[in-house]
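# Remarks on the overall topology
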Amino acid sequence: MQPLWLLSALLALSHALPFEQKGFWDFTLDDSLVLMNDEEASGAGSTSGAPDLDSITPTFSALCPFGCHCHLRVVQCSDLGLKAVPKDISPDTTLLDLQNNDITELRKDDFKGLQHLYALVLVNNQIAKIHEKAFSPLQKLQKLYISKNHLVEIPPSLPRSLVELRIHDNRIRKVPKGVFRGLRYMNCIEMGGNPLENSGFEPGAFDGLKLNYLRISEAKLTGVPKDLPETLNELHLDHNKIQAIELEDLLRYSKLYRLGLGHNQIRMLENGSLSFLPTLRELHLDNNKLSRVPPGLPDLKLLQVVYLHSNNITKVGVNDFCPVGFGVKRAYYNGISLFNNPVPYWEVQPATFRCVTDRLAIQFGNYKK
């Protein structure tokens, strides 16, 4: 009778209403987070018609650190004032949230046994030291969020399974060669808010990476770095100290769809510098010191959005945006922002925007000296 009673209790628990997380970042919306493999879902592996009580997994874990919330394979330990990574974390955990605590160090065995962890959130702690083998057990980790800490270097020995690294708002000044070696699945790095200068990137620092997305905003760059992955689709270098875009600055990045250069000190883009970006769809050059519309925009056949507001542009020519002749541009503009520039907009000829989808897509005016 006891096995039957245990079985009925487990089945009753499995049909109970799930615990609702309040104010928690729901990583389960990510399609790539799989909470149950195919065998578990189908019941494969059973050798008889009778259920195997040892194989039944309840919808909660018996292990849950004190003060944390645990549901399915998500362990939420945020905002608890923790000084260290807690113990008693279930080995089948896929998401561990430790943000907004006071953790200062990641030790060798802090994540021991967590071989199924998919996402680790360590944002807004005081982490200044990471043991070189701290991440060794995390063989399936894909997302590591360790922003807003006190790191002075990229963590050593990152898991080879990593897809996304967010390490912005730390104290990193140098990206050495080989620090990303072996990370062949990585496609997204967010490393803005660090005091990085152009000289802080060693030659070959990004060798082997096939990134789609890279953000190095709010740093101390004075020019476009020349040794970033050529696979990039998005590059964001806003809020830096870049003063000019020279002819070959963008030569390497021909696959870019979106380029962010807003909030810099750019006075000019050398003629021909944009010709290396044939697939560009969105260009951010707002909040700079441009005195004219950048040359080369009419030749970008797929360009649809251009942010040029808050510059020093005084004149807009009839061929500054659109190519001469019909059928040349493959995608019409659906957004051009020119507001907060000293442009006498009543002097701009209507034909200037002949390749714009709608006049409401053009933003003028609101200039203040």
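The chain has the name Biglycan in an unreviewed UniProt entry, where Echinops telfairi is given as its organism. For the chain, the Subcellular location (unreviewed entry) comment in UniProt is given as "Secreted, Extracellular space, Extracellular matrix".

### Some details on the overall build of the chain
Scanning the chain from terminus to terminus reveals two helices and 18 strands. For the chain, with 369 residues in total, the buried portion stands at 46%. Intrachain contacts of the chain at a sequence separation of at least 6 include 49% that bridge at least 24 residues. Of the accessible surface of the chain, which amounts to about 19800 Å², a share of 51% is contributed by carbon and sulfur atoms.

### Here we look at the UniProt feature "domain: LRRNT" (unreviewed entry) in the chain
The UniProt record annotates "domain: LRRNT" (unreviewed entry) at residues 63-95. Secondary structure content for residues 63-95 is 0% helix and 21% strand, while the C-alpha to C-alpha distance between its ends is 14 Å.

### Some details on the pattern of salt bridges
Here the structure, examined in full by the defined rule, presents 10 salt bridges. Across the pair Arg215 and Glu190 runs a salt bridge, and its minimum N-O distance is 3.3 Å. Placement of Arg215 in strand E10 (residues 213-215) and of Glu190 in strand E9 (residues 188-190) is noted, with a sequence separation of 25 residues between them. The class of Glu190 is buried, set by a relative accessible area of 8%. Its salt-bridge partner being Arg215, residue Asp238 comes within 3.2 Å of it at the nearest N-O pair. Of the two residues, Asp238 sits in the loop between strand E11 (234-236) and strand E12 (244-245) while Arg215 sits in strand E10, which places them 23 residues apart along the sequence. Each of Lys143, Glu164 and Arg166 takes part in one network of salt bridges that share partners.

### Some details on the nonpolar core
Membership of the largest hydrophobic core comes to 87 residues, with the highest contact counts inside it found for Leu106, Leu120, Phe180 and Phe321. When neighbours within four sequence positions are excluded, Phe321 is seen to be in contact with Val293, Leu297, Pro298, Leu308, Val316, Tyr333, Ile336, Leu338, Thr352, Phe353 and Cys355.

### Details of the state of the cysteines
Covalently bonding the sulfur atom of one cysteine to the sulfur atom of another cysteine gives a disulfide. Applying the stated criterion across every chain yields a total of three disulfides. Between the sulfur of Cys322 and that of Cys355 lies a disulfide, 2.0 Å long from S to S. Between Cys322 and Cys355, the disulfide has an S-S torsion of -85 degrees and is therefore left-handed. Taken together, the residues span a long stretch of sequence, with Cys322 in the loop between strand E16 (305-307) and strand E17 (335-337) and Cys355 in the loop between E17 and strand E18 (362-363) at a distance of 33 residues. On the basis of relative accessibility, which here comes to 5%, the residue Cys355 falls in the buried class. When the cysteines engaged in disulfides are numbered in sequence order, the chain pairs them as 1-3, 2-4, 5-6.

### Quick look at unusual backbone geometry
Among all residues save glycine, negative phi is the norm, and among peptide bonds the norm is trans. One non-glycine residue with positive phi stands out, namely Asp79, at about 55 degrees. As for its position among the elements, Asp79 is in the loop between strand E2 (74-76) and strand E3 (95-97). With a relative accessible area of 52%, Asp79 lands in the exposed category. Positive phi, normally seen in glycine, also occurs at Asp169, with a value near 55 degrees.

### Structural notes on the packing of aromatic side chains
With the rule as written, the count across this model stands at eight aromatic pairs. Seen from their ring centres, Tyr345 and Trp346 are 5.3 Å apart, and the 70 degrees between their planes marks the pair as edge-to-face. Three or more aromatic residues link up through ring pairs in this structure, and these residues are Phe321, Tyr333, Tyr345, Trp346, Phe353 and Phe364. A cation sits over an aromatic face here: Lys329 above Tyr333, 4.3 Å from the ring centre.

### Some remarks on the environment of Lys87
Its location among the elements puts Lys87 in the loop between E2 and E3. Looking at Lys87, the relative accessible area reads 54%, which means it is exposed. Distance in space between the C-alpha atoms of Lys87 and Lys112 is 9.7 Å, their sequence separation being 25 residues.

### Thoughts on the side chain of Asn240
Structurally, Asn240 is set in the loop between E11 and E12. A distance of 3.3 Å separates a polar side-chain atom of Asn240 from the backbone nitrogen of Lys220. Of note is the side chain of Asn240, whose polar atom sits 3.0 Å from the backbone oxygen of Leu237. Contact partners of Asn240, with chain neighbours within four places excluded, come to Ile216, Ser217, Glu218, Ala219, Lys220, Leu221, His263 and Asn264.

### Description of the environment of Val123
Relative to the helices and strands, Val123 resides in the loop between strand E5 (119-121) and strand E6 (129-130). Separated by 22 residues in sequence, Val123 and Tyr145 have C-alpha atoms that sit 6.0 Å apart.

### Structural notes on the environment of Val306
Note on placement: Val306 falls in strand E16. Looking at Val306, the relative accessible area reads 0%, which means it is buried. Sequence separation between Val306 and Leu285 is 21 residues, and the spatial gap between their C-alpha atoms is 7.5 Å. Once residues within four sequence positions are removed from consideration, Val306 is found in contact with Leu283, Leu297, Tyr333, Gly335, Ile336 and Ser337.

Rules and cut-offs
The numbering scheme is per chain: residues are counted from 1 as the chain's sequence reads. With pLDDT at 70 or above as the cut-off, local features in this predicted model cover only qualifying residues; side-chain atom pairs require 80 or more to be listed or tallied, and sums for whole chains, interfaces and linings still use all residues. Each side-chain value is worked out from all heavy atoms of the structure, with water and hydrogens disregarded. UniProt positions are given in the numbering used here, feature names are shortened, and annotations may be inferred rather than shown by experiment. A helix here means a DSSP run of H or I that spans at least four residues, while a strand means a run of E at least two residues long, and both kinds are numbered starting from the N terminus. Residue exposure (1.4 Å probe, protein chains only): buried if accessible area is under 20% of the type maximum, exposed if over 50%, otherwise partly exposed. Residue contacts are defined here by distance: any two heavy atoms, one from each residue, within 4.5 Å place the two residues in contact. Throughout, the Shrake-Rupley method with a 1.4 Å probe supplies accessible areas, and for residues the shown protein chains are the sole cover considered. The working definition used for a salt bridge is a side-chain nitrogen of Lys or Arg within 4 Å of a carboxyl oxygen of Asp or Glu. In plain words, nonpolar cores are sets of buried Ala, Val, Leu, Ile, Met, Phe, Trp, Tyr and Cys residues tied together by side-chain atoms within 4.5 Å. Cysteine sulfurs are considered disulfide-paired once they come within 2.5 Å of each other. Between the rings of Phe, Tyr and Trp (Trp by its six-membered ring), a pair exists once the centres lie within 6.5 Å; its type follows the angle of the planes, with under 30 degrees stacked, over 60 edge-to-face, and the other angles tilted. Placement of a charge over a ring requires the Lys NZ or Arg CZ to be within 6 Å of the ring centre, with the centre-to-atom vector within 35 degrees of the ring normal. Here a polar contact is taken to be a pair of N or O atoms separated by no more than 3.5 Å, where protein atoms must pair a possible hydrogen donor with a possible acceptor and residues adjacent in sequence count only if both atoms sit in side chains.

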